[in-house]
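Each chain, written out:
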Amino acid sequence: MRIRPCRSEDAVALSSLFYRSVKHLGVRKYSDEQVEAWASQTPTPGRMHRMGHDGRLRLVAIVRQQIVVYCDLEQDGHIDHLYAAPEVAGQGYASHLYETLEAEALQLGIKKLVTEASEVAKPFFERKGFDVQQRRELQLGGVAIHNYAMTKAL
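Let me begin by describing the structure that accompanies this report. Just so it is clear, the model here is predicted, and its values are computed rather than measured.

Attention now moves to the nonpolar core. Core analysis: the largest hydrophobic core is formed by 46 residues, its most contacted members being Trp 38, Val 69, Tyr 70, Ile 79, Leu 113 and Phe 125. If sequence neighbours within four positions are ignored, Trp 38 has contacts with Phe 18, Val 22, Gly 26, Tyr 30, Tyr 83, Ser 118, Leu 140 and Ile 145.

A few words on the sheet that holds strand E8 (residues 143-153). Strand order in the open sheet made by the four strands is E4-E6-E8-E7, with mixed pairing throughout. Edge positions in the open sheet fall to strand E4 (78-79) and strand E7 (131-140), since each of these has one partner strand only. On top of the sheet, helix H2 (residues 32-39) reaches E7 and E8; it is set at about 65° to E8, its chief contact.

Once that is clear, we can look at the sheet that holds strand E1 (residues 2-5). Spatially, four strands are ordered E1-E2-E3-E5 in an open sheet, and the strand pairing comes out antiparallel. Two strands bound the open sheet, and with one partner strand each, they are E1 and strand E5 (82-84). The average angle at which neighbouring strand axes cross in this sheet is 20°, direction not considered. Sheet analysis places strand E3 (residues 66-73) next to E5, joined by three bridges and oriented antiparallel. Bridging across to E5, Tyr 70 finds its partner in Tyr 83. Docked against the sheet, helix H1 (residues 11-25) engages strand E2 (57-63), E3 and E5, running at close to 95° with respect to E3. Contacts from helix H4 (residues 93-107) reach E1, E2 and E3 within the one sheet, and its direction differs from that of E3 by about 35°.

Quick notes on the rules
Residues numbered from 1 in each chain as written. Predicted model: local features only at pLDDT ≥ 70, side-chain atom pairs only at ≥ 80, totals over all residues. Heavy atoms only, no water. Core = buried A, V, L, I, M, F, W, Y, C linked by side-chain atoms within 4.5 Å. Buried < 20%, exposed > 50% of the residue type's maximum accessible area, 1.4 Å probe, protein only. Contact = heavy atoms within 4.5 Å. Pairing = 2+ DSSP bridges. Helix = DSSP H or I, 4+ residues; strand = E, 2+ residues; numbered from the N terminus. Axes fitted to C-alpha atoms, helices over the stretch in contact; angles between N-to-C directions.

Right under this line is the structure:
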């Protein structure tokens, strides 16, 4: 596995990875209706490109020349995205990429990380030392879904 900063030309791959991750991994903890609502929120390649140029740190993990995991870190310590391709879920790639992201946060002087973790991602973040602050009830396209506000002091 190789880790590198995200590039502009990664936008299409990131959009596809987000969608595939939600569709294939989301069903582990959410209903089909909830997964469809979540998947409908997939950032377009154009939005992915813009997100990559708004000051956040974005990293990708590459295996056999394919992006298999990506994550980002906003300047305030907010992890907005951490998504793995379904075919590599549970193989340690997301964990390794997260560790790199956390090391970068420390170098940037960030004292606390925050995220909104899905039911699927919650155990991952708990293993990384995050604490649940609250369960958040949301509406996506009129469909009730939930996630968890989580924090970790660095």
